[in-house]
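Residues per chain are reported as follows:
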Amino acid sequence: MQQSRTTGRDMTAQDAASVLDRVRTRGPRVHCITNAVAQNFTANALLAIGAVPSMTLAAEEIGAFVTRAQALLVNLGTFDRERLEATAIAVQSAAAHNVPWVLDPVFVDRSEQRAAFARDLIGQGPRALRLNRAEFATLSGNEPDRFAIAAYARGHQLVVGLSGATDLVADGERFASVGNGHPLMAKVTAMGCAASALVAACLGVEEDAFCATASALTIVGVAGEIAAETAKGPGSFAVAILDALHNLDGPTLMSYAKVN
Amino acid sequence: MQQSRTTGRDMTAQDAASVLDRVRTRGPRVHCITNAVAQNFTANALLAIGAVPSMTLAAEEIGAFVTRAQALLVNLGTFDRERLEATAIAVQSAAAHNVPWVLDPVFVDRSEQRAAFARDLIGQGPRALRLNRAEFATLSGNEPDRFAIAAYARGHQLVVGLSGATDLVADGERFASVGNGHPLMAKVTAMGCAASALVAACLGVEEDAFCATASALTIVGVAGEIAAETAKGPGSFAVAILDALHNLDGPTLMSYAKVN
Amino acid sequence: MQQSRTTGRDMTAQDAASVLDRVRTRGPRVHCITNAVAQNFTANALLAIGAVPSMTLAAEEIGAFVTRAQALLVNLGTFDRERLEATAIAVQSAAAHNVPWVLDPVFVDRSEQRAAFARDLIGQGPRALRLNRAEFATLSGNEPDRFAIAAYARGHQLVVGLSGATDLVADGERFASVGNGHPLMAKVTAMGCAASALVAACLGVEEDAFCATASALTIVGVAGEIAAETAKGPGSFAVAILDALHNLDGPTLMSYAKVN
């Protein structure tokens, strides 16, 4: 599935720089079903990196938006009837038009209904699953180590992008770790949601979902480190990371990247 | 309709300064039906300029809010059933109480249902229509040049405020161009939505919708230029434009304004 | 009811510092039913102070979130059917599991339906009611002076936290005034909503609702003063107050606090 370009190759900082360059050049349209808390920051993160966000949830038109997009994000952060209905239509449209999508199963560790819904969605073909350790443990029933995420990725034919002090990415055959990031990222709401949206943006320009996911996590981690250099707290950090995403170029990305 | 004060007169920077002064002094209440992505930034832009925003969509109470407001914004950015129902009630209340309103037909170029809904709303008496080139082309079927927007404004008895590198404003008899603004404005989500909200704020203190629309676009364009002087990217730009809107005074506005 | 720790004692800056310290150490989970305009800023304010926000409104899962939270916020800023239904379930869950909650009756002065709903909620046992002068006048039918808020607090067995140039806090027996704050706080949307969320965070670590409410209003007022020292307008102020909340420590809080 994901073996197009880099099967057998490790992920490199140069791959991430190449993906970043294509996002800037092509401006992929990313349709986002995401929670109300995250919508504004997510849209701004996508614009900062050069993608074009749309956010409608209306059942009557979401199919049209997804069909014309290069990638789709499904984030479960606020899990209401409108979003449930929108998700069903969007995922069907994505499948019909071969639009890649990423699932962010926010807070599945807090509600069994939400976990059940996430498991059902995982069966419907997301290319990538971006989540944190507690969410992975809830969905898989296993501790989130290298073996568990590789097995889960293989079993479900998707790429797992696990956020943490070090991010881990696995597609069942390959494995990457991303050592970039900063503790202030955990102090800004919607940072993980925005990271998932950047995974979608990268999926819009890179067929290899493993490379796209690792690239996105590298980009957001590096932007976080650059933002932390000037931030005075989480308020100014949230502003500075948008600036950093906008100003990030390939050489800077490669000089900061800790991906392998 | 819009011929109260300045019929036959060109739009001047001094007119914009006068409108700004009245917004500051009177603090018009602006009720906003707008998309979830834009709500926070729009409310902050209105507060920064001295207006008083409200945002409820509840069918049971939106009539009361509109009736007590000096202007109404209808933005189609997230076009769901709740907002459809809210819009129907709000537009009726606005007509019944002579509350001026502005329509922002976000993304009508992406969905035919949305374009049809916008056309229906245009028949219900908005004083101003603020939109971008792709949206105008979709609604009018014409390229957005001076003649087309003047013809559209005349035909629909409203003011067209068209955003672009140079903003164009027409009411069918008069024509203004606003050369202010900055490319970073396109890199922040909800910037156009906030501009439409400022049009509403200006409509709340200025009966001449042509003057109100041109004033609002001048104010937001000038604030954008001032913000860009210190911004390091789209994150800090979004912050700085709120500061600039708050700090803008008549003399500064006139010294930057490129309206004629 | 609220007489656990400090009955008969005045509120001191040291009490506020102690509450702040416990929020930082324990990281209380705060579930928020709040309006779409305020969700992002509220979540960031809670994270900045060390609390853990959640925001879902889905009827199917809100009970699970409230049950696992240390405090609940009910804010009426956007008063739609989804939030009405969510509130009914959340308030029941809070009562069943002894989770303290705070009510913020935003804009009850603008809509009679909203005021009626707020009155009904006040009968269901909130520990604290945070509101402004116009909202208090609407709910109580009285001018918001010391006697009126003390009488209202006693009659409804809750703590009233009234925002203004000087904040007033009363539980019917005790009385505190908080002289901290800055005029720019009125120029940023959702600032009052975030203050109410901080009241909830403090209720999550302090049983005495009078002390929790006065502490939260002191913390947010001091953070506002610190933010104003560097802010250039409401945009940078909103950023700086999140930084200030994050960086605030006990000694700094005590040196700024004007609570008695």
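Definitions and cut-offs
Residues numbered from 1 in each chain as written. Chains lettered and ligands numbered in written order. Predicted model: local features only at pLDDT ≥ 70, side-chain atom pairs only at ≥ 80, totals over all residues. Helix = DSSP H or I, 4+ residues; strand = E, 2+ residues; numbered from the N terminus. Contact = placed C-beta atoms within 7 Å. Least-squares fit on C-alpha atoms with pLDDT ≥ 70 in both. Nonpolar A, V, L, I, M, F, W, Y, C, P; charged D, E, K, R; others polar. Core = buried A, V, L, I, M, F, W, Y, C linked by C-beta atoms within 7 Å. Buried ≥ 20, exposed ≤ 12 C-beta atoms within 10 Å, placed from the backbone. Expected span 1.5 Å × (residues − 1). Arc of directions from axis to C-beta. Pairing = 2+ DSSP bridges. Axes fitted to C-alpha atoms, helices over the stretch in contact; angles between N-to-C directions. Right-handed = clockwise from strand over helix to strand, strands pointing away.

Remarks on the environment of threonine 138 of chain B
All names here are of chain B.
Then, number 1: Turning to its location among the elements, threonine 138 is positioned in helix H6 (residues 133-140).
Then, number 2: Along the primary structure threonine 138 and valine 108 are separated by 30 residues, whereas in three dimensions their C-alpha atoms are 6.8 Å apart.
Then, number 3: Setting aside chain neighbours within four positions, we find threonine 138 in contact with Val108, Asp109 and Ala115.

Things to note about the relation of the copies chain C and chain A
Then, number 1: Superposition of chain C onto chain A requires a rotation of 120° combined with a translation of 0.0 Å along the rotation axis, giving an RMSD of 0.0 Å. Overall, the copies show the geometry of a three-fold rotation axis. The C-alpha atom lying nearest the rotation axis in chain C is that of alanine 36 of chain C; the distance is 3.8 Å.
Then, number 2: A low fraction, 12%, of the interface residues of chain C reappear at the interface in chain A, so the copies pair through non-equivalent surfaces.

Re the relation of the copies chain B and chain A
Then, number 1: In screw terms, the move from chain B to chain A is a rotation of 120° and a rise of 0.0 Å along the axis, fitting with an RMSD of 0.0 Å.
Then, number 2: Interface overlap between copies: only 14% of the residues of chain B at the interface are likewise at the interface in chain A, consistent with a contact formed by different surfaces.

Points about the interface of chain C and chain A
Think of interface size as the accessible area that goes away when the parts come together; that is how it is often given.
Then, number 1: Taken residue by residue, the interface counts 26 residues in chain C and 22 residues in chain A.
Then, number 2: At the level of elements, helix H2 (39-49), strand E2 (52-54), helix H3 (62-67) and helix H10 (234-247) of chain C are the ones that each hand at least two residues to the side of chain C that touches chain A.
Then, number 3: Looking at which element gives the most residues to the side of chain C that touches chain A, the answer is H10 of chain C, with 7 residues.
Then, number 4: Residue classes in the side of chain C that touches chain A are distributed as 14 nonpolar, 7 polar and 5 charged.

Details of the nonpolar core
Then, number 1: Counting residues in hydrophobic clusters, the biggest one holds 312 residues, and the most contacted among them are Leu198 of chain A, Leu198 of chain B together with Leu198 of chain C.
Then, number 2: The contacts of leucine 198 of chain B, once residues within four sequence positions are left out, are Ala45, Ile49, Ala216, Ile219 and Val220 of chain B.

A closer look at the interface of chain B and chain A
Then, number 1: The partner chain A presents 26 residues to the 22 residues of chain B that form the contact.
Then, number 2: Elements with a minimum of two residues in the side of chain B that touches chain A: helix H2 (39-49), helix H5 (112-122) and helix H10 (234-247) of chain B.
Then, number 3: If you tally residues by element for the side of chain B that touches chain A, the top one is H10 of chain B, at 4 residues.
Then, number 4: By residue class, the composition of the side of chain B that touches chain A is 9 nonpolar, 8 polar and 5 charged.

A closer look at helix H4 (residues 81-96) of chain C
All names here are of chain C.
Then, number 1: Across its 16 residues, H4 extends 23 Å between first and last C-alpha, which sits within 8% of the 22 Å expected from 1.5 Å per residue.
Then, number 2: Every buried residue of H4 is accounted for by Arg83, Ala86, Thr87, Ala90, Val91, Ser93 and Ala94. Projected down its long axis, H4 shows its buried positions confined to an angular sector of 160°, all on one face. What points out from H4, more than 90 degrees from its buried face, is the exposed set Arg81 and Ala96.

Details of the sheet that holds strand E3 (residues 71-75) of chain C
Residue and element names in this part refer to chain C.
Then, number 1: Read from one edge to the other, the open sheet built from 8 strands follows the order E2-E1-E3-E4-E5-E6-E7-E8, with strand pairing classed as mixed. The open sheet has two edge strands, E2 and strand E8 (175-178), and neither has a second partner. In this sheet, neighbouring strand axes are inclined to one another by 20° on average, regardless of whether the strands run parallel or antiparallel.
Then, number 2: Where strand E5 (residues 128-131) meets strand E6 (residues 159-162), 4 bridges bridge the pair, whose relative direction is parallel. Bridging across to E6, leucine 129 finds its partner in valine 160.
Then, number 3: Sitting on the sheet, H2 touches strand E1 (29-33) and E2, and the angle it makes with E2 is about 160°.
Then, number 4: The sheet contacts of helix H8 (residues 191-203) involve E1, E3, strand E4 (101-104), E5 and E6, and relative to E3 the element is tilted by about 155°.

A short note on the pairing of strand E4 (residues 101-104) of chain B
Residue and element names in this part refer to chain B.
Then, number 1: Burial along E4 is two-sided: the residues Trp101 and Leu103 and Val102 and Asp104 are all buried.
Then, number 2: Judged from the 4 bridges that link them, strand E3 (residues 71-75) and E4 form a sheet pairing that is parallel. Residue pairing across strands places asparagine 75 opposite aspartate 104, the latter belonging to E4.
Then, number 3: Between the parallel elements E3 and E4, the chain passes through helix H4 (residues 81-96) in a crossover that is right-handed.
Then, number 4: Alignment of E4 against strand E5 (residues 128-131), held across 2 bridges, turns out to be parallel. Bridged to valine 102 within E5 is alanine 128.
Then, number 5: Running through H5, the crossover from E4 to the neighbouring parallel element E5 is right-handed.

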